[in-house]
Amino acid sequence: MIHDLLSPHTLNTGDPNLVPRYPPSSQRGGFMVGAPHERNALCPALQRVGGLRTHSPAWPLLLLDISNGEAVKASLVTAARAVPSTVLPHCLVVGEAWLGLLLAAQRRRSCTVPPRLGGASGNLKGALAVGAWPPRQQPAPSESLLWCPPASFDSAISFSPWEIGKRREAERAGERREEAGGRRNTETNTAPTPAYMDPPLPLWTRPSHPTTQARRRSSTSMGSAPATVGEIRRAQRADGPAAVLGIGTANPPTCIAQDDYPDYYFRVTNGEHLTDLKAKLTRISPLFFPSILSHIFSGYNEELRTISGKKSGIRQRYMHLNEELLAAHPDFTDRKSPSLDARVDIASAAVPELAASAAAKAIADWGRPASEITHLIFSTYSGARAPSGDRRLASLLGLSPTVSRTMLNLHGCYGGGRSLQLAKELAENNRGARVLVACSEITLIAFYGPEGGCPDNILGQALFGDGSGAVIIGADPVTNVERPLFEMAFASQTTIPGTEDDISMEINKGGMEYHISNKVPRLLGGTVERCLIDAFDALGVRTKWNELFWAIHPGGRAILDHIEEVLGLDDGKLAASRHVLSEFGNMSGTTVIFVLDELRRRRAVKKEGEALPEWGVMMAFGPGITIETMVLHAPDSLDGN
Ligand SMILES: CC(C)(COP(=O)(O)OP(=O)(O)OC[C@H]1O[C@@H](n2cnc3c(N)ncnc32)[C@H](O)[C@@H]1OP(=O)(O)O)[C@@H](O)C(=O)NCCC(=O)NCCSC(=O)/C=C/c1ccc(O)cc1
């Protein structure tokens, strides 16, 4: 198509893919950029155009890109900053993504592309164009932008720029002849718009939302009839399912081996004299001890029970609160000391910073610039202040000021699952949306010294660690730029009745207190299969549990054991969850993101001839007791990469 449009009047831009051309008449001409193979190629070309425009003010501008629009958009946005706004005085826009560029170029404002415009049109992927040509009269800036809906794209690009201009003239002439009728633009009282274009709107009422685009598409196809709600709805939605497009994780630098933790904890909290509690923590902590020995020694004294303690499944954990920080805040060891302010002060800075490290990795894994993130969901149990960590994270990452932020607080261990479900909804209901999910948890807010009558604290000291996980979620991935790791096929939330008090968290003046009943593994074990049956029934997919891949939140070793047992899972099915538990402990809502990351790593190193499960399940649990279930589908792209 692009070659049909070439003319002998070409300019050497230094790139064979960037072919400008000038029509015979300098009164009606254009400049064309086609199919760049390198995303940065457009920028210097546009700058050249800027220079040309200065030397030949009569020449208009046409930019046409029929390569993958998403891939070059960032370059165009960058280029728009460099090109004088006079270069793009009169424009035809085909496709939706360029609107932000043009608005920016024309208004000489920051070139952030509005989020709704961030994606290529569903039926027009890889075909976007921007053009300009001189109208007979110089229109007011508000009249200079015409938006051509994707449906008209084919007709728009089947003509060279001056042919389009001729068409316009012919239509104007026809209109004059007919005197009445025609499609005169009453809004701007300038040239009428050809049938293959929508009439222009004032610049400040440009369609910036899929709903607006649906209205405009509809008015093109049905004359002046308004769009139906159904059409508007369809235009807002993505075509495909949401998918994980990038994952990143991060931990604080201090790492403590699980075997050393009881000594460390009782020393730094001056609790060495509490030998019973230390023995209990030592019983729970070991990475591995065959549970059969635990039964053999169960009738013996404290010491024997201690060495026979069952495995926690944890080898090491990372913590933000190190010895140095604790020395500066000795009151953190006392549950009754009013230390909430100091804890929140530290967490307000540390939690978003840790999230930013994870998010930077997720964004790099995703492969597009942070400025193209449209939504942010931030989950933590440490947030107790507004503006909250989501705002700080957005600023650390340099996200667009138009990014739509949501803060989830105190969802505990199901925060990751909840965030991912919300991200799925956002991505599937907002065409082109790219959602950054970040979960960041540091145990500092809930750290205390040992105290009699607080078994929950000893359990927490044995299990919990600090970490951040970030995921980019989006639908309709851009070919050759975005790679779907896991498609999100179905999501649900289940609350186990009568379990309000079995997992709870509460912010007090001394920090966060929590209670975790020892019934939790059994309660979960008794409910997960029902959630899974419901999920797969809803999808109409019949499967055996052992045919799936699994990303279960490793809340504790006993939870994984119970789930493995009730589902009859083979050894190794929960390997990703067990690995994350071993290397990081239970990082609350963040943990399930680490499991997804581990799962994709394991799938990527599959052995020759090994068949990997196509379908899988992610599950997370927390206060409520709440169970988040998500059915995942792994596209081929993940295998062997
Ligand atoms: C690894 C455990 C802890 C130990 O298992 P085990 O080695 O097979 O041994 P036992 O089950 O016999 O328990 C050993 C000891 O731990 C004690 N224990 C056994 N569960 C308990 C229990 N929930 N309470 C307080 N003692 C117990 C148990 O009573 C026993 O004490 P003792 O008889 O004195 O030796 C295992 O029970 C286990 O994985 N439990 C699941 C833990 C769990 O429910 N996790 C999910 C919820 S996590 C969550 O919601 C997060 C909230 C959170 C909150 C704050 C944060 O900072 C971060 C996160």
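Bear in mind that the values here come from a model prediction, so they are computed numbers and not experimental data.

Student: When you look at the overall build of the chain in this model, what are you seeing that I'm missing?
Tutor: The number of helices and strands found in the chain is 21 helices and 17 strands. Across the 641 residues in the chain, those meeting the buried criterion constitute 56%. Across the chain, every contact between residues at least 6 apart in sequence was considered, and the portion connecting residues at least 24 apart equals 76%. With an accessible surface of roughly 26400 Å², the chain has 52% of that area assigned to carbon and sulfur atoms.

Student: Can you help me understand the pattern of salt bridges in this one?
Tutor: Where charged atoms from two side chains of opposite charge come close, those side chains can pair. Enumeration according to the criterion identifies 26 salt bridges in this entry. Put simply, Arg-602 and Glu-598 hold a salt bridge, and the shortest N to O gap is 2.7 Å. Taken together, the residues span about one helical turn, with Arg-602 and Glu-598 both in helix H21 (residues 591-604) at a distance of 4 residues. For Arg-602, a relative accessible area of 37% puts it in the partly exposed group. The exposure class of Glu-598 is buried, given its relative accessible area of 8%. Several salt bridges share partner residues, and in doing so they unite Asp-365, Arg-483, Asp-597, Glu-598, Arg-600, Arg-601 and Arg-602 into one network.

Student: Looking at this model, I keep getting lost on unusual backbone geometry. Mind explaining?
Tutor: Of all residues except glycine, most have a negative phi; of all peptide bonds, most are trans. A cis amide bond links Ala-386 with the next residue in sequence, Pro-387, at an omega value of 0°. Within the secondary structure, Pro-387 is located in the loop between strand S8 (375-380) and helix H14 (389-397). Note that the residue after Gly-624, namely Ile-625, is joined by a cis bond; omega there is -10°. Of note in this structure, Asn-270 is not a glycine but carries a positive phi near 50°. Following the sequence through the fold, Asn-270 ends up in the loop between helix H8 (261-268) and helix H9 (275-284). Its relative accessible area of 63% is what places Asn-270 among the exposed residues. The phi dihedral of Ser-588 is positive, around 55°, even though this residue is not glycine. Along the chain, the position of Ser-588 falls in the loop between helix H20 (575-584) and H21.

Student: Help me out: how do you make sense of H20 in this one?
Tutor: The periodicity of an α-helix, 3.6 residues per turn, causes residues three or four positions apart to be oriented the same way. Taking burial as the measure, the 10 residues of H20 include 7 buried ones, the bulk of the element. Taken together, the buried positions of H20 are Ala-576, Ser-577, Val-580, Leu-581, Ser-582, Glu-583 and Phe-584. In this fold, the buried residues of H20 make contact with strand S7 (316-319), strand S15 (549-552), helix H19 (557-567) and H21. Directly beyond the C-terminal end of H20, a positive phi value near 75° is found at Gly-585.

Student: Can you walk me through H21 in this structure?
Tutor: Here H21 spans 20 Å end to end across 14 residues, near enough to the 20 Å set by a 1.5 Å rise per residue. Of all 14 residues that make up H21, 12 are buried, and the element is covered over most of its length. If you check which residues of H21 are buried, you get Thr-591, Val-592, Ile-593, Phe-594, Val-595, Leu-596, Asp-597, Glu-598, Leu-599, Arg-600, Arg-603 and Ala-604.

Student: Can you help me understand the side chain of His-633 in this one?
Tutor: Within the secondary structure layout, His-633 lies in strand S17 (residues 626-633). A relative accessible area of 15% means that His-633 is categorised as buried. For His-633, the side chain forms a polar contact with the side chain of Glu-614, separated by 2.8 Å.

Student: Could you clarify how one ought to interpret the pairing of strand S13 (residues 503-508) in this entry?
Tutor: Taken residue by residue, a regular strand's side chains alternate between the two faces of the sheet. Pairing analysis gives 6 bridges linking S13 to strand S14 (residues 511-516), with the strands arranged antiparallel. Bridge pairing in S14 links Glu-506 to Glu-513. Counting the residues between successive antiparallel strands, the hairpin from S13 to S14 contains 2 residues.

Student: Even after reading the chapter, I still don't get the packing of aromatic side chains, so can you show me in this structure?
Tutor: Aromatic ring pairs are described here by two measures, namely the spacing of the ring centres and the angle between the planes. Under the criterion given, the structure shown has 9 aromatic pairs. With a centroid separation of 5.2 Å and an interplanar angle of 85°, the aromatic rings of Tyr-265 and Phe-266 are classed as edge-to-face. On the basis of relative accessible area, Phe-266 is assigned to the buried category, the value being 0%. Through pairs of rings, three or more aromatic residues link up here, namely Tyr-261, Tyr-264, Tyr-265, Phe-266 and Phe-447. Positioned over the ring face of Tyr-261 is Arg-317, at 4.4 Å from the centre of the ring. Residue placement shows Arg-343 over the ring face of Phe-332; its charged tip is 4.7 Å from the ring centre.

Student: Would you mind showing me how to read the pairing of strand S11 (residues 467-474) here?
Tutor: The buried fraction of S11 amounts to 8 of the 8 residues, a majority that puts the element mostly inside the structure. Where burial is concerned, the two faces of S11 agree: the one with Gly-467, Gly-469, Val-471 and Ile-473 and the one with Ser-468, Ala-470, Ile-472 and Gly-474 are both buried. In the sheet, strand S5 (residues 243-250) pairs with S11 via 7 bridges, with the strands oriented antiparallel. Note that in S11 the partner of Ala-243 across the bridge is Gly-474. In terms of strand pairing, strand S10 (residues 434-441) meets S11 through 8 bridges, oriented antiparallel. Bridged to Cys-439 within S11 is Gly-469.

Student: Help me out: how do you make sense of the environment of Arg-335 in this one?
Tutor: Here Arg-335 lies in the loop between helix H12 (323-328) and helix H13 (340-366). Spatially, the C-alpha atom of Arg-335 lies 8.9 Å from that of Ala-446, the residues being 111 residues apart in sequence. In terms of polar contacts, Arg-335 uses its side chain to reach the side chain of Glu-451, at 2.8 Å. Polar contacts involving the side chain of Arg-335 include one to the side chain of Glu-513, which spans 2.9 Å.

Student: Can you help me understand the side chain of Glu-441 in this one?
Tutor: Within the fold, Glu-441 resides in strand S10. Polar contacts involving the side chain of Glu-441 include one to the side chain of Thr-380, which spans 3.2 Å. There is a polar contact of 2.8 Å between the side chain of Glu-441 and the backbone nitrogen of Tyr-381. Not counting the four nearest positions on each side in its chain, Glu-441 is found in contact with Ser-379, Thr-380, Tyr-381, Ser-382, Gly-412, Gly-465, Asp-466, Gly-467, Met-587, Ser-588, Gly-589 and Thr-590.

Student: How should the confidence of the model for the chain be read in this particular structure?
Tutor: As a general rule, the predicted coordinates of low-pLDDT regions are not to be interpreted in detail. Residues of the chain with pLDDT of at least 70 account for 60%, and the chain-wide mean is 72. Every residue in residues 1-168 is under pLDDT 50, and counting partners more than four places away or in other chains gives 361 contacts. Among the scores for the predicted complex, ipTM is 0.96 and pTM is 0.69.

Student: In this structure, what is going on with the packing of H9 against helix H16 (residues 455-463)? I would like to understand it.
Tutor: Relative orientation and spacing of two packed helices are given, respectively, by the angle between their axes and the distance between those axes. At a closest axis distance of 9 Å, the pairing of H9 and H16 adopts a crossing angle of 40°. With respect to H16, the axis of H9 lies oblique. In the crossing of H9 with H16, the sense of the turn from one axis to the other is right-handed. Mapping the contact onto sequence places Leu-277, Lys-280, Leu-281 and Ile-284 in H9 and Ile-458, Leu-459, Gln-461 and Ala-462 in H16.

Rules used throughout
Residues numbered from 1 in each chain as written. Predicted model: local features only at pLDDT ≥ 70, side-chain atom pairs only at ≥ 80, totals over all residues. Heavy atoms only, no water. Helix = DSSP H or I, 4+ residues; strand = E, 2+ residues; numbered from the N terminus. Buried < 20%, exposed > 50% of the residue type's maximum accessible area, 1.4 Å probe, protein only. Contact = heavy atoms within 4.5 Å. Areas by Shrake-Rupley, 256 points an atom, 1.4 Å probe, with all protein chains shown as cover. Salt bridge = Lys/Arg side-chain N within 4 Å of Asp/Glu carboxyl O. Expected span 1.5 Å × (residues − 1). Polar contact = N/O pair within 3.5 Å; in protein donor to acceptor, adjacent residues only side chain to side chain. Pairing = 2+ DSSP bridges. Phe/Tyr/Trp six-rings, centres within 6.5 Å; stacked < 30°, edge-to-face > 60°. Lys NZ or Arg CZ within 6 Å of the ring centre and 35° of its normal. pLDDT = per-residue confidence, 0-100. Axes fitted to C-alpha atoms, helices over the stretch in contact; angles between N-to-C directions. Parallel < 35°, antiparallel > 145°, perpendicular 65-115°, else oblique. Left-handed = near helix turned anticlockwise from the far one by under 90°.

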